[in-house]
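Spelled out from the first residue to the last, the chains are:
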Amino acid sequence: MTNLRLNNVRKSFGSLEVVKGVSLVISSKEFVVFVGPSGCGKSTLLRMIAGLEDITSGDLEIGGRRMNDVDPSKRGIAMVFQSYALYPHLTVRENMGFALRFAGVSKDEINRQVDDAAKTLGLGPLMNRLPKELSGGQRQRVAIGRAIVRKPDVFLFDEPLSNLDAELRVHMRIELGRLHKSLATTAIYVTHDQVEAMTLADKIVVLRDGLVAQVGSPLQVYDDPDNTFVAGFIGSPKINFLKGVVESSRKGKLAISLPGYPGVKISILPTETHVATGERIVVGLRPQHFSPTGTIKFNLTAELVEHLGGESFVYGGNGAGELITVAMQDGRNIKSGDKFEIGFDPARVLLFTEAGSRIR
Amino acid sequence: MRNGLVHKIGVNAALAIASFVSVFPFFWLMVGATNTSAEILRGKTSVGGALSNNFQHLTEQVSLLTLFYNSSKISIIATVLTLIVASLAGYGFEIFKTRWSERVFAALLAMLSIPFAALMIPLFVTMAEVHLINTHAAVILPSIASIFVIFYFRQASKSFPGELRDAARVDGLKEWQIFLHVYVPVMRSTYAAATIIVFMANWNNYLWPLIVLQTNETKTVTLAVASLLTAYTPDYGVVMVATTLATLPTLIIFFALQRQFVQGLLGSVK
Amino acid sequence: MAKATASRRDTMMGWAFTGPALVLLGLFLLYPIGYSLWMSFQVGKGTNLSFGGLANIWRLTQDSVFQHALLNTFTLLVVQVPIMISLAMLLAVALNDSRLWGRSLFRTAIFLPCVTSLVAYSVLFKSMFALDGVVNSFLEFLHVIEQPIPWLADPFWAKILIILAITWRWTGYNMIFFLAALQNIDPSIYEAARIDGIPRWAQFARITLPALKPVVLFTTVTSTIGTLQLFDEVNNITQGGPSDSTLTLSLYIYNLSFKFMPSFGYAATVSYVIVVLVAVLTFVQFVAARERRRT
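Calculation notes
Residues numbered from 1 in each chain as written. Chains lettered and ligands numbered in written order. Predicted model: local features only at pLDDT ≥ 70, side-chain atom pairs only at ≥ 80, totals over all residues. Helix = DSSP H or I, 4+ residues; strand = E, 2+ residues; numbered from the N terminus. Buried ≥ 20, exposed ≤ 12 C-beta atoms within 10 Å, placed from the backbone. Contact = placed C-beta atoms within 7 Å. Rg over C-alpha atoms; globule rule 2.2 N^0.38 Å. Pairing = 2+ DSSP bridges. Expected span 1.5 Å × (residues − 1). Bend = angle between axes of the 7 residues up to and from the residue. Axes fitted to C-alpha atoms, helices over the stretch in contact; angles between N-to-C directions. pLDDT = per-residue confidence, 0-100. Core = buried A, V, L, I, M, F, W, Y, C linked by C-beta atoms within 7 Å. Parallel < 35°, antiparallel > 145°, perpendicular 65-115°, else oblique. Left-handed = near helix turned anticlockwise from the far one by under 90°.

Caption draft 1: Quick peek at the overall build of chain A. Scanning chain A from terminus to terminus reveals eight helices and 21 strands. In terms of overall dimensions, chain A has a C-alpha envelope of 75 × 45 × 35 Å along the principal axes. Split into buried and exposed, the 360 residues of chain A put 39% on the buried side. In chain A, of all internal contacts separated by at least 6 residues, the share reaching a separation of at least 24 is 64%.

In structure tokens:
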């Protein structure tokens, strides 16, 4: 069931266009994450859905109704802000009931609904405190509580965890995921943090320069990126991009050499896209997909090694080609300066044109 | 190290002298209120016995009750109206910026330097035409839209979090409700600081009230002090008592709310 | 965060919020300033005015009292403003030392004069500087002077008295702005300078002074405007005397309008002299500040 639909939505500030035509369908109860680097237009898009920014052109529908010109409070949305935006002069209880108060709901009814939401979030003992008397995590929870009280059709989250410290962020992330399951409401979540995107989303929307770079489930976006931008943005440490040249292309079967690594030959089984012999391409190798058993062999010298305990990141090269990042589960004996051989499974190689689009 | 000590003593001595010079006139004022005019002009710096006499002479010449009532009435009404009008404008200029509003604001800032002397004649003529001379409205009306206070509130509004406004809009508040129920309570300390500055400015105002208030029934404390002082042979004992009474409210406000007072002064440049 | 664009609704809201202030400013600032401009071309006494063209400007060039007032105002400006600003800055630097004993006491004391009304401190200065008054007695006691100084009766000393009075009232006020600016300087900059072995005087010249430049500009501009409008003090301490030695432009305008047979047209012309002076001096100070920043 469709809950929210964007149709070629655009936004300009003066002559500067920041959202350049986004079309998107979001189903009921889906958890959608907008992710991308700063300036990609993800927050602006969210604020347009909320009604805090005008839509320059295109259509926004929520629950089948065109909402372009509807007041924010009448769109059936609730929003959790980056700074939490709690009213500093109001207690937790008053903060949570503020919207209902201005909607003309009776005092008893407000109290009942606020108490319900407070119970869900375990806010009971904090109800009469002011925001300044709360910790960061508690404020965050109140902000979510304030959104829940309004019983929205769509929750909007604008980088809600970015002001928390690392430990609390993980904790709140898990709590948010649980909450979404229990409330079963559509949620749109904006973040620049790919871990939040991967862990929370049913559907990830990767944005770049005001355009959708790819839409898909977290694993789709990771395993099967549409372009170098998505491949580079999702996954940590960052995917290796090596320059490649097509040696031969027969019936979609490619033989590729790497100018930076003369000894390495890569053969790929039939591809859908026609690639000409001699064409320059980009070869993407995820650091995690290196293994001793892989058939594409690299002989590398470790230049820098980071031991994280559980795994090790080795930055290796051959003196000529690009530096390659390799994630190893059992690399704790490697020191910088060591020579080592590592393999790569050809089935996991991601190929891109020089312009950045995927060769499948 | 010895050099440091000399430096330290020098700095302390300089500050002590500066403090003495700053505070002595207040001491002089209080002591003066207890001395006769002749003693004051002779430079007597000890407490005398003329206080009740001076006070009695003062009450014979002016009605203290009327003066304080007039000063309080003008200062309170003007302060309340100034805060309302100027904070609305400061908020409006900052939150609803357009190219045109920015131009208007720049023009206002340029007008900040127009001296009052250039306005007082036409203002006086206009007030006379609408028969407002010798009314308190004539004092209050021109003071309400203070560019300085508008500027102060605009600067302060820069620290008003935009997300708070967004949250209020999502919560269904209209613009005037956001102003009244979110901005005003959140900016309480800004209002407190502005209140002090504006109140003191009105209480101490001299030139314009001097022009438009010419009857004893409408005069303010400040005007009364000035007319006692500029009399042909001023009785300084009486003047000192009057000045003490006129300064007391501002002194009390200053000591009670020193932090907000300083914050109010600084608010406009931050 | 994206800057909000001005939708039509927002634009209307903006004018709704600023409207009351703008209407009042139109009535009590814009209208009078225009009226005043019109008046400055009128000649005649009282309300019996007629168009005189540039007659008032011609009168300015012939009016020795006006020229005297202009000269007085400039003298006060040139002598008083630099003294006060330097004093305010020095006091602020001295008070900014966090190890200083009695810091807040000194600060409060030096700041105290600004709570007095201009009229109240006129009372104080007029009485303290009487011929046999407390100041002369004190100076004689210190053997600084042999004869009492005729503060109120001598043209030269009367000017000095006005300068002392203004400096007393406004130094602490200006000092507060310097103190605030000093407190905004990141102390780790001084720590870095100490580690780099920068001598104290160089720290002051290269770190402190540049940080204070905007405050110097602000306080100079506001003090200049204040001095050009000087009225309350001279009207109450000296009434512009003796023999017009402390007559300021504002006081002269007041006298022209309300003391003698009112001559509103000419007074308006004099008031425009102040407007022009303020504009020119403010502009010069801003340009000077920008030039200095460039070098």
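Following the structure, the description resumes.
Caption draft 2: Seen up close, the overall build of chain B. Summing up its helical and strand segments, chain B has 15 helices and zero strands in all. A compact globule built from 270 residues should have a C-alpha radius of gyration of about 18 Å, whereas chain B, at 23 Å, is more than 25% larger. Its C-alpha atoms put chain B at 70 × 70 × 35 Å along the principal axes. The buried share of chain B, taken over its 270 residues, is 49%.

Caption draft 3: Main features of the pairing of strand S16 (residues 296-307) of chain A. All names here are of chain A. Here six bridges tie S16 to strand S19 (residues 339-344), and the two strands are oriented antiparallel to one another. If you follow Asn 299 over to S19, its bridge partner there is Glu 341. Direction of pairing for S16 relative to strand S17 (residues 312-317): antiparallel, over a ladder of six bridges. The partner of Leu 304 across the bridge, within S17, is Tyr 315. The antiparallel pairing of S16 with S17 creates a hairpin that spans four residues between the two strands, and Gly 309 there sits at a positive phi of about 95°.

Caption draft 4: Spatial organisation of unusual backbone geometry. Here the residue pair Ser 236 of chain A and Pro 237 of chain A is connected by a cis peptide bond, since its omega of -5° sits within 30 degrees of zero. Relative to the helices and strands, Pro 237 of chain A is located in the loop between helix H8 (228-233) and strand S11 (240-250). Although it is not a glycine, Glu 159 of chain A adopts a positive phi angle of roughly 40°. Within the secondary structure, Glu 159 of chain A is located in the loop between strand S7 (154-158) and helix H5 (166-183). Glu 159 of chain A gets classed as buried once you count the C-beta atoms within 10 Å, which come to 20. Positive phi, close to 60°, is recorded for His 143 of chain C, a residue that is not glycine.

Caption draft 5: Expanded view of helix H1 (residues 8-39) of chain C. Residue and element names in this part refer to chain C. With 32 residues, H1 extends just 40 Å between its outermost C-alpha atoms, more than 12% less than the 46 Å of an ideal straight helix rising 1.5 Å per residue. The largest bend along H1 reaches roughly 50° and is located at Gly 19, with the proline Pro 20 sitting one to four residues downstream. Among all positions in H1, only Gly 14, Phe 17, Thr 18, Ala 21, Leu 22, Leu 24, Leu 25, Phe 28, Pro 32, Ser 36 and Met 39 are buried.

Caption draft 6: The sheet that holds S7 of chain A, seen in detail. Residues and elements named next belong to chain A. One open sheet holds the six strands; their spatial order is S6-S7-S8-S3-S9-S10, and the pairing between them is mixed. The open sheet has two edge strands with one neighbour each: strand S6 (77-80) and strand S10 (211-216). The average angle at which neighbouring strand axes cross in this sheet is 20°, direction not considered. Both strand S3 (residues 31-35) and strand S8 (residues 186-191) contribute to a ladder of five bridges, which runs parallel. Opposite Val 32, over in S8, you have Ile 188 as the bridge partner.

Caption draft 7: Just the sheet that holds S11 of chain A, in detail. Residue and element names in this part refer to chain A. The six strands lie next to each other as S13-S12-S11-S14-S20-S21, forming an open sheet whose pairing is antiparallel. Looking along the sheet, the strands with just one partner apiece sit at the ends: strand S13 (261-268) and strand S21 (358-359). Note that S11 and strand S14 (residues 280-285) share six bridges and pair antiparallel. Its bridge partner lying in S14, Phe 241 is registered against Gly 284.

Caption draft 8: Seen up close, helix H6 (residues 117-129) of chain B. Residue and element names in this part refer to chain B. The end-to-end C-alpha distance of H6, which contains 13 residues, comes to 19 Å, matching closely the 18 Å that a straight helix rising 1.5 Å per residue would cover. Of the positions making up H6, those classed as buried are Ala 117, Ala 118, Leu 119, Met 120, Ile 121, Pro 122, Leu 123, Phe 124 and Met 127. Directly after H6, the chain includes His 131, whose backbone phi takes a positive value near 55°.

Caption draft 9: Spotlight on the environment of Thr 135 of chain B. All names here are of chain B. Looking at where Thr 135 falls in the secondary structure, it is placed in the loop between H6 and helix H7 (136-144). Take Thr 135: there are 16 C-beta atoms within 10 Å of it, and that puts it in the partly exposed class. Placed 83 residues apart in sequence, Thr 135 and Thr 218 show a C-alpha to C-alpha distance of 6.8 Å.

Caption draft 10: Region of interest: the confidence of the model for chain B. Taken residue by residue, chain B gives an average pLDDT of 86. The fraction at 70 or more is 97%. This prediction of the complex comes with two scores: 0.83 for pTM and 0.86 for ipTM.

Caption draft 11: Fine view of the nonpolar core. Ranked by internal contacts, the top residues of the largest apolar core, which has 253 residues, are Val 33, Leu 156 and Ile 188 of chain A, Val 225 of chain B together with Ala 21, Phe 178 and Leu 249 of chain C. The element contributing the most residues to this core is helix H7 (residues 155-183) of chain C, with 13 residues.

Caption draft 12: How the structure looks around the packing of helix H4 (residues 64-95) of chain B against helix H8 (residues 147-157) of chain B. All names here are of chain B. For the pair H4 and H8, interaxial distance at closest approach is 7 Å and the crossing angle is 50°. Between H4 and H8, the angle is such that the two are oblique. Of the two elements, H4 crosses H8, and the hand of that crossing is right-handed. When H4 is examined against H8, the residues Thr 82, Ala 86, Ser 87, Ala 89, Gly 90, Tyr 91, Phe 93, Glu 94 and Ile 95 are found in contact with a partner set consisting of Val 149, Ile 150, Tyr 152, Phe 153, Arg 154 and Ser 157.

Caption draft 13: Seen up close, the packing of helix H3 (residues 64-95) of chain C against helix H9 (residues 200-228) of chain C. Residues and elements named next belong to chain C. The N-to-C vectors of H3 and H9 enclose an angle of 145°; their axes lie 10 Å apart at closest approach. In this structure, H3 meets H9 at a crossing whose hand is right-handed. Counted together, Thr 73, Leu 76, Leu 77, Gln 80, Val 81, Met 84, Ile 85, Ala 88, Met 89 and Val 93 of H3 and Thr 208, Leu 212, Val 216, Thr 219, Thr 220, Ser 223, Thr 224, Thr 227 and Leu 228 of H9 form the full contact between these two elements.

Caption draft 14: Layout of the environment of Ala 158 of chain C. Residues and elements named next belong to chain C. With respect to the helices, strands and loops of the structure, Ala 158 is situated in helix H7. Considering only alpha carbons, one finds Ala 158 and Ile 237, 79 residues apart in sequence, at a separation of 9.2 Å. The contact partners of Ala 158, leaving out residues within four places of it in the chain, are Trp 151, Leu 152, Thr 238, Pro 242, Ser 245 and Thr 246.

Caption draft 15: Focus on the environment of Gln 82 of chain A. Turning to its location among the elements, Gln 82 of chain A is positioned in the loop between S6 and helix H2 (92-102). With 18 C-beta atoms packed within 10 Å, Gln 82 of chain A lands in the partly exposed category. Along the backbone, Gln 82 of chain A and Leu 164 of chain A are 82 residues apart, and their C-alpha atoms lie at a distance of 9.9 Å. Excluding residues within four positions of it along the chain, Gln 82 of chain A makes contact with Asp 158, Glu 159, Pro 160, Ser 162 and Asn 163 of chain A together with Glu 163 of chain B.

Caption draft 16: Spotlight on the pairing of S3 of chain A. Residue and element names in this part refer to chain A. With respect to burial, S3 is a largely interior element, five of its five residues being buried. A two-sided burial pattern is seen for S3, the buried positions comprising Phe 31, Val 33 and Val 35 on one face and Val 32 and Phe 34 on the other. As paired elements, S3 and strand S9 (residues 203-208) share four bridges and run parallel to each other. Across the sheet, the residue bridging to Val 33 is Ile 204, located in S9.

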